[in-house]
Amino acid sequence: MKPRAILWDLFGAQLRYAAEARDGWVPMRALNQLLELFGVGESTSRVVLSRMRREGWFTTCRDGRQTSYALTARSITMLDEGRARIFDRGRDDWDGTWRMVIYAVPEESRAERDRVRRTLAWHGFGPLAAATWISPHPRLEVVREALAGLSATRMDLLESRALSREADREMAFRCWDLGGLARDYAELISEYEQLPAAAELAAMPGPEALRRQVELTSSYRALPFRDPDLPATLLPEGWQGRRAHTLFTTAHDALNGPASAYVRTVLDPR
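About the thresholds
- Residues numbered from 1 in each chain as written.
- Predicted model: local features only at pLDDT ≥ 70, side-chain atom pairs only at ≥ 80, totals over all residues.
- Heavy atoms only, no water.
- Phe/Tyr/Trp six-rings, centres within 6.5 Å; stacked < 30°, edge-to-face > 60°.
- Helix = DSSP H or I, 4+ residues; strand = E, 2+ residues; numbered from the N terminus.
- Buried < 20%, exposed > 50% of the residue type's maximum accessible area, 1.4 Å probe, protein only.
- Pairing = 2+ DSSP bridges.
- Contact = heavy atoms within 4.5 Å.
- Axes fitted to C-alpha atoms, helices over the stretch in contact; angles between N-to-C directions.
- Core = buried A, V, L, I, M, F, W, Y, C linked by side-chain atoms within 4.5 Å.
- Polar contact = N/O pair within 3.5 Å; in protein donor to acceptor, adjacent residues only side chain to side chain.
- Lys, Arg positive; Asp, Glu negative; His and termini not counted.
- Salt bridge = Lys/Arg side-chain N within 4 Å of Asp/Glu carboxyl O.
- Parallel < 35°, antiparallel > 145°, perpendicular 65-115°, else oblique.
- Left-handed = near helix turned anticlockwise from the far one by under 90°.
- Nonpolar A, V, L, I, M, F, W, Y, C, P; charged D, E, K, R; others polar.
- Expected span 1.5 Å × (residues − 1).

Teacher, can you tell me more about the packing of aromatic side chains here?
Summed over the entire model, instances satisfying the criterion amount to nine aromatic pairs. On the basis of an interplanar angle of 20 degrees and a centroid distance of 6.2 Å, the ring pair of Trp8 and Phe58 is categorised as stacked. Highlighted residues: Trp8 in helix H1 (residues 3–18) and Phe58 in strand E2 (residues 58–63), separated in sequence by 50 residues. Judged by its relative accessible area of 14%, Trp8 falls in the buried class. Using a relative accessible area of 3% as the deciding quantity, one classes Phe58 as buried. Considering the side-chain rings of Tyr220 and Phe248, the 4.2 Å spacing of their centres and the 15 degrees angle between planes classify their relative orientation as stacked.

Below, the structure written as structure tokens:
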């Protein structure tokens with residue numbers, strides 16, 4: 001795991017909540033101690049955090065010689081969106097309406113076109129055609145806000161319905177690599193089935209629980225951003241994505257008690 005990813009997972013699962021009593025501030029001392037659990041040295045931690053602060057993900061304050069870090073509004077928004085994509089899954093109440101984004105970006109504005117594609121993928125849209133992306137979820141206004149202010153991009157936001165459920169499923173297979181996802185879910189399930197029982201995870205020492213929780217999130221995190229959480233009517237038979245999600249959340253929740261307690265002692269070692 002890269003230090004940057006570890007930091008996001010630490011803040012996303014633990015630090016943003018544990019630091020509430022400190023107005024959101026996390027001392028560099030505490031960050032160094034937590035990152036050491038993952039083999040990240042102090043010098044590397046400082047370089048990564050400094051770079052992320054310059055990029056606008058963190059703000060800092062000083063108390064004597066001690067620097068503390070806090071998430072910016074931009075970071076909190078990203079973490080909230082990411083947490084929803086990872087944990088809030090399994091909706092089946094689809095009305096058959098596709099939400100469609102059709103965009104046009106001049107050839108010379110490649111960076112802007114890349115941003116449009118990254119944003120659409122982040123919000124669970126899939127490419128039906130080169131500049132036409134669709135999603136079964138009602139996220140057009142979210143996309144509009146996320147892409148507001150682009151100077152060169154023209155977008156049309158539409159809602160449409162296919163002529164049949166068979167056509168719906170065919171479009172889903174064109175937009176997302178459901179076969180590849182199914183294979184990856186099967187592999188992940190085989191790993192998760194080897195995890196200790198929930199009661200055993202909940203009894204682990206704090207440092208071990210936190211390390212395992214972050215590693216667990218790292219192993220699962222990428223899949224929800226490839227998997228648009230399609231309603232069951234669009235999924236192939238025998239779909240294992242929801243079983244993988246259940247195994248992940250069960251282990252994550254079991255580890256949360258000792259992991260949270262340990263993070264609180266690191267923040268306030270009294």
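Next comes the rest of the write-up.
Got a minute to help me understand the pairing of strand E5 (residues 126–129) in this structure?
A regular strand carries its side chains on alternate faces of the sheet. Relative to strand E6 (residues 132–135), E5 runs antiparallel, the two being bridged by three bridges. Bridge assignment links Ala129 to a residue of E6, and that residue is Thr132. Between the antiparallel neighbours E5 and E6 lie two residues.

Is there a simple way to think about the sheet that holds strand E1 (residues 26–27) in this case?
Strand pairing within a sheet occurs via backbone hydrogen bonds; the two strands may be parallel or antiparallel. In space, the three strands of this open sheet follow the order E1-E3-E2, with antiparallel pairing throughout. Two strands in the sheet have a free side with no partner beyond their single neighbour: E1 and E2. As judged from the six bridges shared by E2 and strand E3 (residues 66–71), these two strands associate in the antiparallel manner. In the strand pairing of E3, Phe58 is matched with Leu71. Each of E1, E2 and E3 is contacted by H1, which is oriented at about 90 degrees to E3, the strand it contacts most. Running over the sheet, helix H3 (residues 42–54) touches E2 and E3 and is turned about 120 degrees from E2.

Please clarify how the nonpolar core should be interpreted in this entry.
Among soluble globular proteins, nonpolar side chains are generally buried collectively. With 63 residues, the main nonpolar core has Leu10, Phe11 and Leu15 as its most contacted residues. Residue contacts for Leu10: discarding those within four places in its chain leaves Leu15, Leu34, Leu35, Phe38, Leu210 and Val214. If you look at the next biggest cluster of nonpolar residues, it comprises eleven residues, including Val101, Leu120, Trp133 and Leu147.

Whenever I open this one, the side chain of Arg16 confuses me. Can you help?
When you line up the elements, Arg16 lands in helix H1. Of note is the side chain of Arg16, whose polar atom sits 2.9 Å from the side chain of Asp80. Dropping the residues within four chain positions of it, Arg16 is found in contact with Phe11, Leu71, Ile76, Leu79 and Asp80.

Help me out: how do you make sense of the sheet that holds E6 in this one?
Taken in spatial order, the four strands make up an open sheet running E5-E6-E4-E7, and their pairing is antiparallel. Single-partner strands in this sheet number two, and they are E5 and strand E7 (154–160). Taking each pair of neighbouring strands and ignoring which way they run, the sheet shows an average axis angle of 30 degrees. Strands strand E4 (98–104) and E6 of the sheet are contacted by helix H5 (residues 110–122), whose axis makes an angle of about 170 degrees with E4. Of the strands in this sheet, E4, E5 and E6 are in contact with helix H7 (residues 165–175), which crosses E5 at around 110 degrees.

Where do I start with the side chain of Arg139 in this structure?
Within the element layout of this structure, Arg139 appears in the loop between E6 and helix H6 (140–146). Look at Arg139: it is buried, it has no salt bridge, and the nearest opposite charge is Asp229 at 5.7 Å. A polar side-chain atom of Arg139 sits 2.8 Å from the main-chain carbonyl oxygen of His123.

Looking at this structure, how should I read the packing of helix H2 (residues 28–36) against helix H11 (residues 241–267)?
Angle between the axes and distance between the axes are the two parameters that describe a pair of packed helices. At a closest axis distance of 9 Å, the pairing of H2 and H11 adopts a crossing angle of 140 degrees. With respect to each other, H2 and H11 are oriented oblique. Crossing hand, H2 versus H11: right-handed. Contacts between H2 and H11 involve Arg29, Ala30, Gln33 and Leu34 from the first element and Tyr262, Val263, Val266 and Leu267 from the second. Among the residues making up the contact of H2 with H11, the classes are represented as six nonpolar, one polar and one charged.

What is the right way to read helix H8 (residues 178–192) from this model?
For H8, built from 15 residues, the straight-helix expectation of 21 Å at 1.5 Å per residue is met to within 8% by its first-to-last C-alpha distance of 20 Å. Within the sequence span of H8, burial applies to Leu178, Gly180, Leu181, Tyr185, Leu188, Ile189 and Tyr192.

Is there a simple way to think about the packing of helix H4 (residues 73–87) against helix H10 (residues 206–226) in this case?
At a closest axis distance of 9 Å, the pairing of H4 and H10 adopts a crossing angle of 90 degrees. On the basis of the axis angle, H4 is roughly perpendicular to H10. Where H4 approaches H10, its residues Gly82, Arg85 and Ile86 are matched on the opposing element by Tyr220, Arg221, Pro224 and Phe225. The class makeup of the residues in the contact of H4 with H10 is four nonpolar, one polar and two charged.

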